[in-house]
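Each chain, written out:
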Amino acid sequence: MLIIKVGGSVITDKSKYLAFRNPVMDRIAEVLSHIREQMIIVHGAGSFGHLKAKEFDLPGRISERTLQGMNIVHTDVIRLNNEVLQRLRSHGLNVSSLTPFSLFNGRRNYSLMRRLISLGVNTVSHGDVYVTRESVNIISGDTIVRDLARLFRPRRVVFMSDVDGVYDRDPKKIRNAHLLRTVNGHVTVDGVNNDVTGGMRGKLNAMFEISRYAGETVLMNGFHPERLNQIGTERFIGTIIGTK
Ligand code: IPE
């Protein structure tokens, strides 16, 4: 099994509300359509989630405002999900989409996803909002990937991000930062864009944890999806995360 997280910063312009990058998702879908292994695709929310989440104080305790924000963000991420599904379908990928908002009643519940996966169905899920007893929560795609990796122990988990991989220093600030082919243990990343679900530091920590459950955990650039086919070869541009 392969789990692929497609970052919101890849398929949307994170600074512009509701800006979907159709051609980028199309190229990703084309590459994925050649994979003959069971797949779970999880996408982030990008500018369909983070901007309004911030505006409406999410995550936060239940209030008129956070409930209103919940509805807006969920409606928007469903729009993004639909765009993603259309691109996948246009390349012949037939998938079931499972939306956390409707699956998670207080707790994160993966029973339906488990059932569909056991039937051999390829599934899609995404970062979303959901309601708990006291609050409106945000679930990031990374957390979904972590939960699924723990449940299904996939052969490989791939994070498609807007960077080539993990660098020894912040490549957005330092010109001759080096791309690391592998990272083990903890590396320090100085504050690359922080957002409501933790920014790059949070993502790296999540990836380290995931590497304990997956055969291989990889960070690569989603703007070059063809690199997916080069994982495991000398030519691969990206970073293998973890100790294996
Ligand atoms: C965020 O999901 C979910 C919401 C803000 C509703 P992610 O954290 O997975 O999204 P990206 O990949 O950072 O955009």
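In this report, the structure presented in the accompanying data block is examined. Just so it is clear, the model here is predicted, and its values are computed rather than measured.

## Overview of the pairing of strand E7 (residues 135–139)
- Taken together, the two bridges between strand E3 (residues 60–61) and E7 define a ladder with antiparallel strand orientation. In the sheet register, Arg61 faces E7, and the bridge partner there is Ser135.
- Note that strand E6 (residues 128–131) and E7 share four bridges and pair antiparallel. Bridge pairing in E7 links Asp128 to Ile139.
- Following E6, the chain reverses through three residues before pairing antiparallel with E7.

## Topic: the packing of helix H2 (residues 22–32) against helix H4 (residues 64–90)
- Interhelical geometry of H2 versus H4 gives an angle of 45 degrees and a closest axis separation of 8 Å. It follows from the interaxial angle that H2 and H4 lie oblique. The chirality of how H2 crosses H4 is right-handed. Contact with H2, carried on its side by Asn22, Met25, Asp26, Ala29 and Leu32, involves Val84, Arg87, Leu88 and Ser90 of H4 and no other residues of that element.
- A class-by-class count of the residues in the contact of H2 with H4 yields five nonpolar, two polar and two charged.

## Concerning the packing of aromatic side chains
- Tallied over the full model, the rule gives two aromatic pairs.
- Consider the rings of Phe104 and Tyr110, whose centres lie 5.4 Å apart with planes at 70 degrees: the pair is edge-to-face.
- Phe104 sits in the buried class, given a relative accessible area of 4%.
- Plain terms: the ring middles of Phe104 and Tyr130 are 5.4 Å apart, the flat faces sit at 90 degrees to each other, and that makes the pair edge-to-face. Pair noted here: Phe104 is in the loop between helix H5 (100–103) and helix H6 (111–118) and Tyr130 is in strand E6, with a separation of 26 residues, a long-range link. This pair shows no difference in class: Phe104 is buried, exactly as Tyr130 is.
- Site record: aromatic cluster; members linked through ring pairs are Phe104, Tyr110 and Tyr130.
- Of note, Lys52 hangs over the ring of Tyr17, and the distance from its end group to the ring centre comes to 4.9 Å.
- Taking the ring centre of Phe56 as reference, the NZ or CZ of Arg65 above it sits at 4.6 Å.

## As for the pairing of strand E8 (residues 156–161)
- Counting buried residues in E8 gives six out of six residues, a clear majority hidden from the surface.
- Of the two faces of E8, the one holding Arg156, Val158 and Met160 and the one holding Val157, Phe159 and Ser161 are both buried throughout.
- Of the strand pairs in this sheet, strand E1 (residues 2–6) and E8 are connected by five bridges, and their pairing is parallel. Across the sheet, the residue bridging to Ile4 is Val158, located in E8.
- Both E8 and strand E10 (residues 216–221) contribute to a ladder of six bridges, which runs parallel. Residue pairing across strands places Val158 opposite Val218, the latter belonging to E10.

Cut-offs and rules
- Residues numbered from 1 in each chain as written.
- Predicted model: local features only at pLDDT ≥ 70, side-chain atom pairs only at ≥ 80, totals over all residues.
- Heavy atoms only, no water.
- Pairing = 2+ DSSP bridges.
- Helix = DSSP H or I, 4+ residues; strand = E, 2+ residues; numbered from the N terminus.
- Axes fitted to C-alpha atoms, helices over the stretch in contact; angles between N-to-C directions.
- Parallel < 35°, antiparallel > 145°, perpendicular 65-115°, else oblique.
- Left-handed = near helix turned anticlockwise from the far one by under 90°.
- Contact = heavy atoms within 4.5 Å.
- Nonpolar A, V, L, I, M, F, W, Y, C, P; charged D, E, K, R; others polar.
- Phe/Tyr/Trp six-rings, centres within 6.5 Å; stacked < 30°, edge-to-face > 60°.
- Buried < 20%, exposed > 50% of the residue type's maximum accessible area, 1.4 Å probe, protein only.
- Lys NZ or Arg CZ within 6 Å of the ring centre and 35° of its normal.

Functional significance is not addressed by these values, which are geometric in nature.
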